[in-house]
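# Examining the three-dimensional arrangement
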Amino acid sequence: MNFSKTTVTNDVEILVGLTDMHTLTPIEVATPTGEGASPVVKAGTPLTAAGASTTGANAVGILLYDVDTDANPNGTIVQSGPIDAAKAQAHSGVTYAAALYTACPAIQFRTNIGVNE
């Protein structure tokens, strides 16, 4: 039996509180398009139901961990519960739009966590 392990990046923890406070759902993450686009989608990126990156009203959740779509497009989104919004935005490089907060009302976007790593 052969297997290989590919480490994408260090894991970043965007969840706040206990894991049982969150609703986590599997999703197939779409490969980013565009010239020079990296196949890695970073944790903290808002996703649509089709698994594409977004910042607006069509978001269904926030990507929990980094996903290399070339190696394995399967990921997990946070659909409810508190997240560290400052850490999630910093890691993903995505600035959350106001429409995102309306699209994901069950997610508590916390910014008062303290030290963000």
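Residues numbered from 1 in each chain as written. Predicted model: local features only at pLDDT ≥ 70, side-chain atom pairs only at ≥ 80, totals over all residues. Heavy atoms only, no water.

### Description of the overall build of the chain
In terms of regular secondary structure, the chain is built from two helices and seven strands. Along the chain, helices and strands appear, N-terminal first, in the series β-β-β-β-β-β-α-α-β. Contacts spanning at least 24 positions in sequence make up 65% of the contacts within the chain whose residues lie at least 6 apart. Of the roughly 6,700 Å² that the chain leaves accessible, carbon and sulfur atoms contribute 51%. (Helix = DSSP H or I, 4+ residues; strand = E, 2+ residues; numbered from the N terminus. Contact = heavy atoms within 4.5 Å. Areas by Shrake-Rupley, 256 points an atom, 1.4 Å probe, with all protein chains shown as cover.)

### Some remarks on the packing of aromatic side chains
Within this structure, the stated rule accounts for two aromatic pairs. Each ring, one from Y96 and one from F109, has its centre 5.7 Å from the other, and the planes form 75 degrees; the classification is edge-to-face. Here Y96, found in the loop between helix 1 (85-92) and helix 2 (98-103), pairs with F109, found in strand 7 (residues 107-110); they are 13 residues apart in sequence, far enough to count as distant. Its relative accessible area of 17% is what places F109 among the buried residues. An aromatic cluster is defined as three or more aromatic residues linked by ring pairs; in this entry it consists of Y96, Y101 and F109. (Phe/Tyr/Trp six-rings, centres within 6.5 Å; stacked < 30°, edge-to-face > 60°. Buried < 20%, exposed > 50% of the residue type's maximum accessible area, 1.4 Å probe, protein only.)

### Examining the side chain of S80
Its place among the elements puts S80 in strand 6 (residues 74-84). Separated by 2.6 Å, the side chains of S80 and T23 make a polar contact. (Polar contact = N/O pair within 3.5 Å; in protein donor to acceptor, adjacent residues only side chain to side chain.)

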